[in-house]
Amino acid sequence: MSAVKKRNPVSVEDYLAGELVSAVKHEYLGGVVYAMAGACNAHNLIASNVLIALGGRLRGRRCRLYNSDTKVRIRLPHQVRFYYPDASVICRPNPQQDSYQDEPAVIMEVVSSSTRRADEGEKKDAYLTIPSLCVYLIIEQESPTVVVHRRTEQGFVREVYEDLDAVISLAEIETELPLAEAYDGVEFVPERQDEAFSAEQQPSTTL
């Protein structure tokens, strides 16, 4: 993400109004607006596969799947944030006239070298503060691997699912996600060292 320079903090109201007419999506961190970069074909294929796999399983149920055009609002003690996750499952939706959701049950991000620092750091820390969130999935782009952060009575625990024969149980929403379906048609290409190095240089925002 690249910061859009503003002399004064952008209000939540102005940000939401601007997103309705903007040709580019932006995320919002406590008054600062960030333009979102485009994604590669592999990223978009995985995200689409997840939407197809879970969308069909959740059809007609109380919990519904939303795509990457749906913002999630996070109200931290010292600031408000809006992120666009790659996919989310909502069981207690906001009114349909709203342009964001407050109570996701499941959030999914497809991670690559350029987004890893944010998805595994800043965003994860913020997402896990959402009271309604049961599961956060970080879906690898370069290999058939998904890291799951699942809420338990002792707090969030980390689970790792690898290889195409793995199936992620999502009992919280009464379904499952087979990795074979999430990665259908994906060609795995080793991560380039220069890209990995570049990603390590990216600044991150802490809570």
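Residues numbered from 1 in each chain as written. Predicted model: local features only at pLDDT ≥ 70, side-chain atom pairs only at ≥ 80, totals over all residues. Heavy atoms only, no water.

Thoughts on the confidence of the model for the protein
A low pLDDT means the predicted coordinates there should not be read in detail. Mean pLDDT over the protein stands at 90; residues scoring 70 or higher make up 88%. In the predicted structure, residues 193-207 sits below a pLDDT of 50 and forms 22 contacts with residues beyond four places in sequence or in another chain. (pLDDT = per-residue confidence, 0-100. Contact = heavy atoms within 4.5 Å.)

Observations regarding the nonpolar core
Ranked by size, the top nonpolar core spans 30 residues in total, and within it Met 108, Leu 137, Ile 139, Ile 168 and Ile 173 carry the most contacts. Elements with a contribution of two residues or more to this core: α2 (41-58), β7 (87-90), β9 (104-111), β10 (135-140), β11 (145-152), β13 (167-170) and α4 (179-182). Here this core gets six residues from one element, more than from any other, and that element is α2. Those residues in contact with Ile 173 that lie beyond four places of it in its chain are Leu 58, Arg 61, Cys 63, Val 89, Cys 91, Ala 105 and Val 106. Counting residues in hydrophobic clusters, the runner-up holds 16 residues, among them Leu 29, Tyr 127, Leu 133 and Ile 138. (Core = buried A, V, L, I, M, F, W, Y, C linked by side-chain atoms within 4.5 Å. Buried < 20%, exposed > 50% of the residue type's maximum accessible area, 1.4 Å probe, protein only. Helix = DSSP H or I, 4+ residues; strand = E, 2+ residues; numbered from the N terminus.)

Notes on α2
Helix length check: α2 (18 residues) gives 25 Å between terminal C-alpha atoms against 26 Å at 1.5 Å per residue, within 8%. Considered for burial, the residues of α2 that qualify are His 43, Ile 46, Ala 47, Asn 49, Val 50, Ala 53, Leu 54 and Leu 58. For α2, the buried positions fall inside an angular range of 160° around the axis, keeping them on one side. Opposite the buried face of α2, by more than 90 degrees, sit the exposed residues Asn 41 and Ile 52. (Expected span 1.5 Å × (residues − 1). Arc of directions from axis to C-beta.)

Here we look at the sheet that holds β10
An order of β4-β7-β9-β10-β11-β12 is seen for the six strands of this open sheet, with the pairing classed as mixed. The sheet is open, and its two borders are formed by β4 (64-66) and β12 (155-162), each paired with just one other strand. Shown here is a sheet whose adjacent strand axes are inclined to one another by a mean of 15°, direction ignored. As paired strands, β7 and β9 are joined by four bridges and run antiparallel to one another. Each bridged residue has a counterpart across the sheet, and for Ala 87 the counterpart in β9 is Met 108. α2 rests against β4, β7, β9 and β10 of the sheet, and its axis sits at about 165° to β4. (Pairing = 2+ DSSP bridges. Axes fitted to C-alpha atoms, helices over the stretch in contact; angles between N-to-C directions.)

A look at the state of the cysteines
Under the defined criterion, the tally for this structure stands at one disulfide. The thiol of Cys 134 is not disulfide-bonded; the next cysteine sulfur, from Cys 91, is found 7.2 Å away. (Disulfide = S-S within 2.5 Å.)

Focus: the pairing of β7
Burial along β7 is two-sided: Ala 87 and Val 89 facing one way and Ser 88 and Ile 90 facing the other are all buried. Relative to β7, β4 runs antiparallel, the two sharing three bridges. Looking at the pairing, Leu 65 lines up with Val 89 of β7.

Here's the deal with helix α1 (residues 12-21)
For an α-helix the count is 3.6 residues per turn, leaving residues at separations of three or four pointing the same way. Considered for burial, the residues of α1 that qualify are Val 12, Tyr 15, Leu 16 and Glu 19. Along the axis of α1, the buried positions cluster into a sector of 95°, meaning they face one direction only. The outward face of α1, more than 90 degrees from its buried face, is lined by the exposed residues Glu 13, Asp 14, Leu 20 and Val 21. Taken together, the buried residues of α1 touch β2 (26-29), β3 (32-35), β5 (71-75), β6 (80-83) and β8 (100-101).

Thoughts on the packing of aromatic side chains
In total, this model carries seven aromatic pairs according to the counting rule given. Consider the rings of Tyr 15 and Tyr 28, whose centres lie 4.9 Å apart with planes at 35°: the pair is tilted. Taken together, the positions of Tyr 15 in helix α1 and Tyr 28 in strand β2 put the pair 13 residues apart, joining distant regions of the chain. We note that Tyr 15, like Tyr 28, is buried. (Phe/Tyr/Trp six-rings, centres within 6.5 Å; stacked < 30°, edge-to-face > 60°.)

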